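The lines below spell out each chain.
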Amino acid sequence: MVELVGGDYLLDTLQQLGPIRNTGMGLTIPDWQELAAFGNACGLALEPWEYRLVRRMCSAYLREFNAGKDPFCIPPIERSIGGP
């Protein structure tokens, strides 16, 4: 597993926000307005790049969530990084 150094607050933000939404027509990620409202409501002093990163983390979560529906999908934790 990849060890995260100094970015724990971004993972906490992702967990509190919730990475995916069900719109009734499918799953999606939080939109920019929701991210801004969440940051404002929680008093987060995040930089624009941090908001972009949280949104990319949401996208990655949704992509892997959808990929996990395939019974032959290898879980991300079991994938080799950079080859054998």
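What you see is a predicted model; the values in this text were computed from it and never measured.

1. Some thoughts on the nonpolar core
Then, number 1: Of all hydrophobic cores here, the largest spans 12 residues; its members are L10, L14, L17, I29, L35, F38, L46, Y51, V54, M57, C58 and L62.
Then, number 2: For this core, the secondary-structure elements that each account for two or more residues are α1 (8–17), α2 (32–42) and α3 (48–67).
Then, number 3: Among residues more than four places away in sequence, those in contact with L14 are P19, V54, M57 and C58.

2. Some points on the side chain of T13
Then, number 1: Locating T13 in the fold gives a position in helix α1.
Then, number 2: By relative accessible area, T13 is classed as buried at 8%.

3. Some points on the packing of α1 against α2
Then, number 1: Running from amino to carboxyl end, α1 crosses α2 at an angle of 110°, the nearest separation of the two axes being 11 Å. Regarding the angle of α1 to α2, the classification is roughly perpendicular. On the side of α1, the interface is formed by T13, Q16 and L17, while α2 contributes E34, L35 and F38.
Then, number 2: Class assignment for the residues of the contact of α1 with α2 results in 3 nonpolar, 2 polar and 1 charged.

Calculation criteria
- Residues numbered from 1 in each chain as written.
- Predicted model: local features only at pLDDT ≥ 70, side-chain atom pairs only at ≥ 80, totals over all residues.
- Heavy atoms only, no water.
- Core = buried A, V, L, I, M, F, W, Y, C linked by side-chain atoms within 4.5 Å.
- Buried < 20%, exposed > 50% of the residue type's maximum accessible area, 1.4 Å probe, protein only.
- Helix = DSSP H or I, 4+ residues; strand = E, 2+ residues; numbered from the N terminus.
- Contact = heavy atoms within 4.5 Å.
- Axes fitted to C-alpha atoms, helices over the stretch in contact; angles between N-to-C directions.
- Parallel < 35°, antiparallel > 145°, perpendicular 65-115°, else oblique.
- Nonpolar A, V, L, I, M, F, W, Y, C, P; charged D, E, K, R; others polar.

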